[in-house]
Amino acid sequence: MGKGAIYEAFRRHRIELYPSVVRTPSTPIIYLALPVQDELEYIPVFIECLRKQTVADYELFVCVNQPDDWWDKPSKVAVCQNNQLTLELLSRQHDLPITIIDRCSKGKGWQGRHFGVGWARKTAMDVLNNKAEKNDIIVSIDADTTFSQNYLETIRENFIQNPWAVALSVPYYHNLTGDEITDRCILRYEIYMRYYALNMWRIMNPYRFTAIGSAMAVPVWAYRAIGGITPHKSGEDFYFLQKLRKHGEILHWNNERIYPDARFSDRVFFGTGPAMIRGREGDWSSYPVYDYRLFDEVEATFDMFPSLFEKDIDTPMTDFLQVVFKTNALWKPLRENYKTCGQFVKACNNKVDALRILQYLKAKQKDMQQCDEENLKAFIRKFYSHEHLMSWKINPDSIDFDQMGLTALNTLRDFLASHEDHCRQSGYYSIA
């Protein structure tokens with residue numbers, strides 16, 4: 001039986017199971033892009049999540065990858081062998097519509113500096129892009145991720161109801177593992193992520209998305225409009241959503257969330273895995289809890305963009321931006337190229353993007369005297385009522401990442417996650 005016939009048989013079987021999701025000409029097909037490296041242990045659970053989906057029309061594109069020269073490195077041979085077993089396992093899933101992209105077998109791996117999860121994600125997306133129609137949907141996913149049977153269906157419904165959206169940043173939640181060290185690290189990292197997101201929501205910044213590679217979706221037309229994903233070795237999800245946000249509006253809420261795994265991993269240079277590795281050694285310097293007042297400075301700068309259309313004025317970020325862009329004439333070129341205030345403000349938003357905001361926060365945080373816990377305490381005291389904190393049994397005075405028990409640390413994570421979910425779903429920030 002050919003691949004087309006296999007897929008059609010699969011589709012008919014899914015329709016028999018879920019007759020309400022019969023595809024019409026206007027119903028998008030979902031294409032999943034999955035980069036895989038040394039993840040054999042996760043694939044069976046991932047496949048089961050996929051097999052249980054209620055949608056009938058989806059296809060999985062898997063890029064199993066590694067640098068080709070790893071075959072000659074004794075420390076990497078185990079990864080190469082793991083990838084070969086992954087290829088074999090995937091090839092046996094005859095009941096699922098899977099396209100396997102082999103970038104791991106000898107002679108097929110990455111060459112030179114072009115390697116890593118960014119290249120793998122791009123390769124899978126570019127291959128499926130050649131097959132997809134413009135209104136179809138690309139779902140970015142990772143192997144160490146679980147999701148409900150309705151996950152893909154809710155994503156599709158989301159884009160059908162919001163056809164203007166250029167992307168979806170899916171809500172996420174790391175499940176705990178039962179190992180205290182692992183759980184402490186992932187909770188500390190997620191608190192950093194939630195805190196950052198809440199402050200970006202608080203100032204209603206255009207770049208208030210959360211970038212997680214396993215929690216993104218994009219319509220094919222938007223993927224093509226921005227020229228696809230740029231293959232950074234790390235942070236390709238961050239740059240991808242930033243690129244999309246400059247093109248249009250991003251959705252932040254989905255009725256089903258994604259559950260990434262919590263694990264120590266050095267496959268990328270920054271992100272969850274490296275953060276946990278450094279955190280295990282007590283180093284959270286790359287993932288600080290920023291003083292909330294720094295976000296206020298970002299907000300004040302963005303609020304000044306309309307006034308900058310008339311003339312140059314100092315903003316809280318001016319000195320930093322002049323250093324970053326290596327010029328004192330930050331706004332004059334934009335005024336010359338964009339003749340209306342609206343166009344000028346949009347150009348300013350594009351110039352002072354998510355990367356520049358993050359760089360500004362990091363640069364300014366070095367001058368701040370308070371530690372992470374004190375910054376978090378100040379934020380909570382400022383923006384949450386005593387009654388609300390009591391309902392969650394949270395006492396800001398007791399926040400100490402090293403001394404808190406796992407239950408208290410998890411409660412703090414859930415408290416921030418709950419408020420972030422409210423922001424995502426309602427579309428605005430409110431003081432509780």
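Definitions and cut-offs
- Residues numbered from 1 in each chain as written.
- Predicted model: local features only at pLDDT ≥ 70, side-chain atom pairs only at ≥ 80, totals over all residues.
- Heavy atoms only, no water.
- Axes fitted to C-alpha atoms, helices over the stretch in contact; angles between N-to-C directions.
- Helix = DSSP H or I, 4+ residues; strand = E, 2+ residues; numbered from the N terminus.
- Parallel < 35°, antiparallel > 145°, perpendicular 65-115°, else oblique.
- Left-handed = near helix turned anticlockwise from the far one by under 90°.
- Contact = heavy atoms within 4.5 Å.
- pLDDT = per-residue confidence, 0-100.
- Salt bridge = Lys/Arg side-chain N within 4 Å of Asp/Glu carboxyl O.
- Buried < 20%, exposed > 50% of the residue type's maximum accessible area, 1.4 Å probe, protein only.
- Pairing = 2+ DSSP bridges.

Draft legend 1. Quick peek at the packing of helix 6 (residues 180-202) against helix 18 (residues 406-426). Relative to each other, helix 6 and helix 18 sit at 30°, their axes nearing to 9 Å. Relative to helix 18, the element helix 6 is oriented roughly parallel. Both helix 6 and helix 18 take part in a crossing whose hand is left-handed. Counted together, Glu180, Asp183, Arg184, Leu187, Glu190, Ile191, Arg194, Ala197, Leu198 and Trp201 of helix 6 and Leu406, Leu409, Asn410, Leu412, Arg413, Leu416, Ala417, His419, Glu420, Cys423 and Arg424 of helix 18 form the full contact between these two elements.

Draft legend 2. Summary view of the confidence of the model for the chain. The predicted model of the chain averages 90 in pLDDT, with 91% of residues at 70 or higher. Residue range residues 17-23 is modelled with pLDDT below 50. Its contacts to residues more than four positions away, or to other chains, number 15 contacts.

Draft legend 3. Region of the structure containing the pattern of salt bridges. Per the counting criterion, the structure on display carries 22 salt bridges. Of the charged contacts, one joins Glu236 and Arg121 as a salt bridge, the two residues approaching to 2.7 Å between their closest N and O atoms. With a gap of 115 residues between them, Glu236 in helix 8 (residues 236-247) and Arg121 in helix 4 (residues 117-129) connect regions that are remote in the sequence. Of the two residues, Glu236 and Arg121, neither departs from the other in class, the shared state being buried.

Draft legend 4. Spotlight on the pairing of strand 4 (residues 137-140). What you see with strand 4 is no split at all: Ile137 and Val139 on one side and Ile138 and Ser140 on the other are buried throughout. In this structure, strand 1 (residues 30-36) lies alongside strand 4, joined through four bridges in parallel fashion. For Ala33, the partnering residue across the bridge sits in strand 4 and is Ser140. By the bridge criterion, four bridges tie strand 4 to strand 7 (residues 216-219) in an arrangement that is antiparallel. Residue pairing in the sheet places Ser140 in a bridge with Met216 of strand 7.

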